[in-house]
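An overview of the molecular structure
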Amino acid sequence: MNIEIVQGNGPYAPAAGVHVVIDVIRAFTVAQVAFIGGAKEIVLARDKEQAFALRERRSDALLAGEIAGLAVPGFDLDNSPAGMAAADVAGRSIIQMTTNGVKAAVQALAAEHVLVTGFSNAKQTASFVQSIAPSLECSRIRLIASHPTSDDDLACAEYIESILASTTPLSAETVATRIRSSVVAQKFYDQTRPEFDEKDMEWCAREIPCPFVMRVTSRAGIPVVERVDV
């Protein structure tokens, strides 16, 4: 396997066998929690305008996401995994729009397989990549830490890389510590910023064993995240 780590929300070139798009705080932790709660699918929108347009076509869908970390007026849900865990999403489609993770995934479709994950589902995602690696036409596996500067996504990418490369894996505890210490995480511990829920970090900085990964497919040109049981 030819493994590379990149930071930022794209675009990415050249094409790859696998893109793993990582958003620990919080988009793809939210996505995993949504699927645990029985969500049907997660439709990825590149911006707020497209999110509302997609909802016009899917009146039963829920809008979820953030701009600059904050709730979007008119959306049903923000980008909180704690909030998603409390929501009734069973059987529902979710349209998700976020600043980094979703934007990165929308830009990362030039690969045979596109997967999304937070730290919460990273180990399962790495195992899935190992299982499909022998069948890839292109050996390049690109791990995309979607936040351009913060260490949370980079720590998760390095964790996945260590598993794929069969080197001494980073410990989950080490990765969790880096996530909690990252620049992005600090506002969740700031008592003067109640708009950021510290409980979200309890979801983002731990592994949540689940028998599935999250794969992105394209339907009529729209990227959709599906639960793939493994």
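Residues numbered from 1 in each chain as written. Predicted model: local features only at pLDDT ≥ 70, side-chain atom pairs only at ≥ 80, totals over all residues. Heavy atoms only, no water.

Rule in force here: UniProt positions are given in the numbering used here, feature names are shortened, and annotations may be inferred rather than shown by experiment.
In the nomenclature of an unreviewed UniProt entry, the protein corresponds to Probable 2-phosphosulfolactate phosphatase from the organism Ferroacidibacillus organovorans. One UniProt comment on the protein, placed under Sequence similarities (unreviewed entry), says "Belongs to the ComB family." The heading Cofactor (unreviewed entry) in the UniProt record of the protein holds the text "Mg(2+)".

1. Regarding the pairing of strand β6 (residues 111-117)
Our working definition: Under the scheme applied here, a residue whose accessible area is under 20% of the maximum for its type counts as buried, over 50% as exposed, and between as partly exposed, the area being computed with a 1.4 Å probe on protein chains only. Helix and strand definitions here come from DSSP, where helices need a minimum of 4 consecutive H or I residues and strands a minimum of 2 consecutive E residues; each element is numbered from the N-terminal end. When DSSP locates at least two bridges between a pair of strands, those strands are taken to pair.
Most of β6 is tucked away: six of the seven residues are buried. By the bridge criterion, six bridges tie strand β2 (residues 16-22) to β6 in an arrangement that is parallel. Residue pairing in the sheet places valine 20 in a bridge with leucine 115 of β6.

2. Details of the sheet that holds strand β9 (residues 222-229)
Which entries qualify depends on this criterion: Axis lines are fitted through C-alpha atoms, for helices just across the contact stretch, and the angle between N-to-C directions can take any value from 0 to 180 degrees. We call two residues in contact whenever any of their non-hydrogen atoms come within 4.5 Å of each other.
Across the sheet, which stays open at both edges, the nine strands sit in the order β1-β7-β2-β6-β8-β9-β3-β5-β4 with mixed pairing between neighbours. Strands with a single pairing partner mark the edges of an open sheet, and in this sheet they are β1 (2-7) and β4 (62-65). When the angles between neighbouring strand axes are averaged without regard to direction, this sheet yields 30°. Across eight bridges, the pairing between strand β8 (residues 212-219) and β9 is antiparallel. Across the sheet, the residue bridging to valine 216 is valine 225, located in β9. Against the sheet, helix α5 (residues 122-132) makes contact with β2, β6, β7 (140-145) and β8, and its axis sits at roughly 165° relative to β6, the strand it touches most.

3. Observations concerning the side chain of threonine 29
Tracing the chain through its elements places threonine 29 in helix α1 (residues 27-36). For threonine 29, the contacting residues outside a window of four places in its chain are Asp23, Val24, Pro81, Gly118, Ser120, Trp203 and Cys204.

4. Remarks on the packing of aromatic side chains
Where we set the bar: Centres within 6.5 Å are what make two rings of Phe, Tyr or Trp a pair, Trp counting through its six-membered ring; a difference in plane orientation under 30 degrees is then read as stacked, over 60 as edge-to-face, and the rest as tilted.
Inspection of every chain in the model, using the stated rule, returns four aromatic pairs. Ring geometry for phenylalanine 52 against phenylalanine 75: centres 5.5 Å apart, planes inclined by 80°, an arrangement best described as edge-to-face. Residue phenylalanine 52 is found in helix α2 (residues 48-57), and its partner phenylalanine 75 is found in the loop between β4 and α3 (81-86); the two are separated by 23 residues along the sequence. You can call phenylalanine 75 buried: its relative accessible area is 12%.

5. Notes on the environment of methionine 201
Note on placement: methionine 201 falls in helix α8 (residues 199-204). In this structure, the C-alpha to C-alpha distance between methionine 201 and leucine 109, residues 92 residues apart in sequence, is 28 Å. For methionine 201, the residues in contact, after removing those within four places along its chain, are Ile25, Ile179, Arg180, Ala185, Phe188 and Tyr189.

6. Side note on the nonpolar core
Note the following rule: We define a nonpolar core as any set of buried Ala, Val, Leu, Ile, Met, Phe, Trp, Tyr and Cys residues linked to one another through side-chain atoms lying within 4.5 Å.
By size, the foremost hydrophobic cluster in this structure holds 37 residues, and its most contacted members are Ile25, Phe119 and Ile160. Sorting the residues of this core by element identifies β2, α5, β7, α6 (151-164), α7 (172-181) and α8 as the ones contributing at least two each. It is α6 that provides the largest number of residues to this core, a total of seven residues. Val30, Ala34, Ala108 and Val114 belong to the second largest nonpolar core, which has 33 residues in total.

7. Quick look at the pattern of salt bridges
Here is the rule we go by: Think of a salt bridge as a Lys or Arg side-chain nitrogen and an Asp or Glu carboxyl oxygen that are within 4 Å of each other.
Across all of its chains, the model carries 13 salt bridges by this definition. Linking arginine 55 and aspartate 76 is a salt bridge whose minimum nitrogen-to-oxygen distance equals 2.6 Å. With a gap of 21 residues between them, arginine 55 in helix α2 and aspartate 76 in the loop between β4 and α3 connect regions that are remote in the sequence. Taking relative accessible area as the criterion, arginine 55 reaches 21% and is therefore assigned partly exposed. By relative accessible area, which is 39% here, aspartate 76 ends up partly exposed. A salt bridge links lysine 123 to glutamate 207; the shortest N-O distance between them is 3.9 Å. Of this pair, lysine 123 sits in helix α5 while glutamate 207 is found in the loop between α8 and β8, placing the two residues 84 residues apart along the sequence. You can call lysine 123 partly exposed: its relative accessible area is 43%.

8. Considerations on the packing of α6 against α7
For the record, the criterion: Working definition: roughly parallel below 35 degrees, roughly antiparallel above 145 degrees, roughly perpendicular at 65 to 115 degrees, and oblique for all remaining angles. Handedness of each helix crossing follows the sense of rotation of the near helix against the far helix: counterclockwise by less than a right angle gives left-handed, clockwise gives right-handed.
At a closest axis distance of 8 Å, the pairing of α6 and α7 adopts a crossing angle of 165°. With respect to α7, the axis of α6 lies roughly antiparallel. α7 is crossed by α6, and the crossing has right-handed handedness. Only Ala172, Val175, Arg178 and Ile179 of α7 make contact with α6, whose side of the interface consists of Asp151, Asp152, Leu154, Ala155, Cys156, Glu158 and Tyr159.

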